[in-house]
Amino acid sequence: MNIKELRTFLTLCETLHYPKAAQRLSYAPSTLNKHVQSLEQELGVALFSKEGRHLEITPQGAAFRPHAQKLLEDYDSAMQSVLYAGQGADTLVVGGCEMTVSSGLVQLFSSFATRNAQVRLRIRNAANASVPDMVRGRDADVGIYYNIGAQRLSGLQYQPLFQEPIRLMATADNPLTQGGPWRYEDLAGLGFVLPHDDCPAVISILRCLKEREVCLGPVQYLGAVSLVMEKIRKGHRAVALQHSATGWFAAQYGLRVIPLAEEDIWMQAQVVYRSYDALSPIGQSLVRYCRQYAHQQIQRDPAHFLPYFCDAL
């Protein structure tokens, strides 16, 4: 067995869908089929079964899965140790929205840097919509990207992290943070202060308000989270929108969530890169660490973080 076969097997275990796994790994479905057949021939068992159009992992496949994961982790660790033998620090560039990589997920990158002291971790902020192009253009090794619903990212591979809801926030003295839950109609006349106009969270919430014919006050796009927060703190009727670690924003800026009696809009977070195999060992390590962090968040706060169910990319 080889590393590509193991990675194919583990990706299929997650997706249970050949086209989805092929898109994530940038392989042809026929290549994935060859990988699975090679593994099954070597192990002497069937790893997957098919009932109609549904792919299922067999008991033998389920038993092999943790061993395959351990083999892959050992391989990555070995490659990383060789890379750093006799060399200086490695630089890893991470791209993402300021709200995410420099604010809401700061604990993820801080803990990763602490565990990997030999790495120079550089964070590059951009509008969320620009992250895929940033990675494609090699301005970042990996990116943290949010979307709503299925979306194809041409030329990129990805690993799903989690889902989290969009939250509206305001200062503690805003009446909307002290009562509720409120309907969208109760937001009429409020001013919104937002970082970017092409964020899927912004587009989705404003679309919902428009569909209800809710007339807002002025909507401002300031381009930076720090400017948004400063504006919110100075404006009693202003509202910000967050989709990442709302507890962090509450602690840092004194904001509170506006409770809404509306169905949540869920954002899907994923870590994206050009090719997992082409990433440096430390880049691959960050991808794995992002997944571990996502699982921890889901277990720690299941009311806010959900598994990434929408895997239709």
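Residues numbered from 1 in each chain as written. Predicted model: local features only at pLDDT ≥ 70, side-chain atom pairs only at ≥ 80, totals over all residues. Heavy atoms only, no water.

## Examining the overall build of the chain
Then, in step 1: The number of helices and strands found in the chain is eleven helices and twelve strands.
Then, in step 2: Per-residue burial for the chain yields a buried fraction of 49% across its 313 residues.
Then, in step 3: Partitioning the contacts of the chain with sequence separation of at least 6, the portion at a separation of at least 24 is 77%.
Then, in step 4: About 14500 Å² of surface is accessible on the chain, with carbon and sulfur atoms providing 51% of the total. (Helix = DSSP H or I, 4+ residues; strand = E, 2+ residues; numbered from the N terminus. Buried < 20%, exposed > 50% of the residue type's maximum accessible area, 1.4 Å probe, protein only. Contact = heavy atoms within 4.5 Å. Areas by Shrake-Rupley, 256 points an atom, 1.4 Å probe, with all protein chains shown as cover.)

## Regarding the sheet that holds strand β6 (residues 157-165)
Then, in step 1: Ordered in space as β4-β3-β5-β12-β6, the five strands form an open sheet in which the pairing is mixed. Across the chains shown, the open sheet's two edge strands, defined by having one partner strand only, are β4 (119-125) and β6. The average angle at which neighbouring strand axes cross in this sheet is 20 degrees, direction not considered.
Then, in step 2: Relative to strand β5 (residues 142-147), strand β3 (residues 90-96) runs parallel, the two being bridged by three bridges. For G95, the partnering residue across the bridge sits in β5 and is G143.
Then, in step 3: Along the sheet, helix α6 (residues 106-115) makes contact with β3, β4 and β5, crossing β4 at roughly 160 degrees. (Pairing = 2+ DSSP bridges. Axes fitted to C-alpha atoms, helices over the stretch in contact; angles between N-to-C directions.)

## With respect to the layout of surface pockets
Then, in step 1: Reported here for the largest pocket is a volume of approximately 710 Å³.
Then, in step 2: What lines the largest pocket is a set of 28 residues, and nearest its centre among them are E14, R24, Q159, R291 and H295.
Then, in step 3: Elements with a contribution of two residues or more to the lining of the largest pocket: α1 (3-15), α2 (18-25), α4 (59-84), β6 and α11 (281-300).
Then, in step 4: When residues of the lining of the largest pocket are assigned to their parent elements, the largest contribution, six residues, is made by α11.
Then, in step 5: Grouping the constituent residues of the lining of the largest pocket by class yields 13 nonpolar, six polar and nine charged.
Then, in step 6: Looking at the second largest pocket, its volume works out to about 150 Å³.
Then, in step 7: The wall of the second largest pocket is formed by I166, R167, L168, Y184, I205, V257, I258, L260, E262, E263, D264 and I265. (1 Å grid on protein atoms, 1.4 Å probe; cavity = no way out; pocket = protein on both sides within 12 Å on 5 of 7 lines; lining within 4 Å. Points joined across faces, edges and corners; volume = space filled by probe spheres on them. Nonpolar A, V, L, I, M, F, W, Y, C, P; charged D, E, K, R; others polar.)

## Some thoughts on a nonpolar patch on the surface
Then, in step 1: A cluster of nonpolar side chains, contributed by M1, L43, V45 and L71, occupies part of the molecular surface with about 280 Å² of accessible area.
Then, in step 2: Looking at the secondary structure, you find V45 in the loop between α3 (29-43) and β1 (48-51).
Then, in step 3: With relative accessibility at 31%, the residue V45 sits in the partly exposed group. (Patch = residues over 30% accessible without salt bridge, like charges linked within 9 Å, V, L, I, M, F, W, Y side chains within 5 Å. Salt bridge = Lys/Arg side-chain N within 4 Å of Asp/Glu carboxyl O.)

## Concerning unusual backbone geometry
Then, in step 1: Residues G180 and P181 are joined by a peptide bond in cis, for which omega reads 5 degrees.
Then, in step 2: Within the secondary structure, P181 is located in the loop between β7 (167-171) and β8 (191-194).
Then, in step 3: Phi at R138 takes a positive value of approximately 65 degrees, unusual for a residue other than glycine.
Then, in step 4: Structurally, the position occupied by R138 is in the loop between α7 (131-136) and β5.
Then, in step 5: Judged by its relative accessible area of 61%, R138 is exposed.
Then, in step 6: Here the phi dihedral of E213 falls at roughly 60 degrees; this positive angle occurs in a residue that is not glycine.
Then, in step 7: Its place among the elements puts E213 in the loop between α8 (200-211) and β9 (219-221).

## Describing the pairing of β6
Then, in step 1: Burial analysis of β6 places nine of its nine residues in the buried class, the great majority of the element.
Then, in step 2: Pairing between β6 and strand β12 (residues 266-273): eight bridges, direction antiparallel. What sits directly across from P165, in β12, is W266.

## Quick word on the pattern of salt bridges
Then, in step 1: What the rule picks out here adds up to seven salt bridges.
Then, in step 2: Of the charged contacts, one joins D264 and R167 as a salt bridge, the two residues approaching to 2.8 Å between their closest N and O atoms. Of this pair, D264 sits in the loop between β11 (255-257) and β12 while R167 sits in strand β7; the two residues are 97 residues apart in sequence, bridging distant segments of the chain.
Then, in step 3: Each of R183, E185, R212 and E262 takes part in a single network of salt bridges with overlapping partners.

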